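Residue strings, one per chain:
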Amino acid sequence: MRLALFGPPGAGKGTQSLLLKEQFGLDVISTGNLIRTAIRNGTPLGRQVEAHVHAGGLVPDELVRDLANEAIAAHAFDNFILDGYPRTTRQARWLTSFLEAYKAPLEAVIFLKVSDEAIVERLSNRRIHQQTGESYHLILHPPPAHVDPRLIVQRADDAPESVLSRLETYRKETQPVEAYFREAGLLLEIEGEGTVQDIYARIGTHIEQLAELQAA
Ligand code: AMP
């Protein structure tokens, strides 16, 4: 199965993609995680993109396309879920033709709809594990007691001033991707508010149907 998860920052893409991974055995390709790893390791790419990411902007299309294409090819063009890619219509068009060339089109794009208030609340309470990338919510899903608190950090781009520019970037650059995939007949609109389990139940039923259709 080939899926993409789409939605504003803090929509729950990372959390839901891990649940899809558990249930359907899909590999998660998160361009955000690939980029954060490159920054942490101080690679040439990491140094090139660091300022964009911390300011809440997008990484240039060409760079993120190469990262994503490489990861998709490494997964043999199947059994993956894209988390946070594509984020511009240019990326979406490139992705479509890249996958078409390998006869491996996307089967669905899950769009998580979340209000601005919920986004700000979620991102200000989000903390991540510096080494594993695991995501926590200080109130709803706090880090367990056995985890060294020094490893629990706030993402630089979750600081309040970055959150506002990420929302603006989302509106300007990423929102048009919704119409692109709707026209392509791939968009699955999911109400992205509620508990993690509620949201997953909404997604899971659609994906189960898709899996059954494929198996038939
Ligand atoms: P995320 O973890 O998905 O929120 O991504 C963190 C940051 O990485 C974003 O705010 C962007 O700066 C960058 N990034 C991740 N994916 C993309 C993408 N598809 N296009 C451009 N920038 C991206």
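As a reminder, the structure under discussion sits directly above these lines.
Below you will find a few notes about this structure. Predicted, not measured: the structure shown is a model, and the values here were computed from it. (Residues numbered from 1 in each chain as written. Predicted model: local features only at pLDDT ≥ 70, side-chain atom pairs only at ≥ 80, totals over all residues. Heavy atoms only, no water.)

## Observations regarding the site of the ligand
Step number 1: Close to the ligand lie 16 residues, the nearest being Thr31, Gly57, Gly84, Arg87 and Gln91.
Step number 2: Between the ligand and threonine 31 there is a distance of 2.8 Å, counted from a nitrogen atom to a side-chain nitrogen or oxygen.
Step number 3: A distance of 3.0 Å is found between a nitrogen atom of the ligand and a backbone nitrogen or oxygen belonging to valine 59.
Step number 4: For the ligand, the protein covers 96% of the area, taking 480 Å² as the surface of the free molecule.
Step number 5: Here the shell around the ligand gets 4 residues from one element, more than from any other, and that element is helix α2 (residues 31-40).
Step number 6: Here the shell around the ligand is composed, by residue class, of 6 nonpolar, 5 polar and 5 charged. (Near = heavy atom within 4 Å. Polar contact = N/O pair within 3.5 Å; in protein donor to acceptor, adjacent residues only side chain to side chain. Areas by Shrake-Rupley, 256 points an atom, 1.4 Å probe, with all protein chains shown as cover. Helix = DSSP H or I, 4+ residues; strand = E, 2+ residues; numbered from the N terminus. Nonpolar A, V, L, I, M, F, W, Y, C, P; charged D, E, K, R; others polar.)

## Thoughts on a nonpolar patch on the surface
Step number 1: Together, Leu138, Ile139 and Leu140 make up an exposed nonpolar region whose accessible area comes to about 330 Å².
Step number 2: When you line up the elements, leucine 140 lands in the loop between β6 (135-137) and β7 (152-153). (Patch = residues over 30% accessible without salt bridge, like charges linked within 9 Å, V, L, I, M, F, W, Y side chains within 5 Å. Salt bridge = Lys/Arg side-chain N within 4 Å of Asp/Glu carboxyl O.)

## A look at the side chain of aspartate 61
Step number 1: You can see aspartate 61 is positioned in helix α4 (residues 61-74).
Step number 2: You can call aspartate 61 buried: its relative accessible area is 12%.
Step number 3: Residues in contact with aspartate 61, not counting those within four places in the same chain, are Thr88, Arg90, Gln91 and Trp94. (Buried < 20%, exposed > 50% of the residue type's maximum accessible area, 1.4 Å probe, protein only. Contact = heavy atoms within 4.5 Å.)

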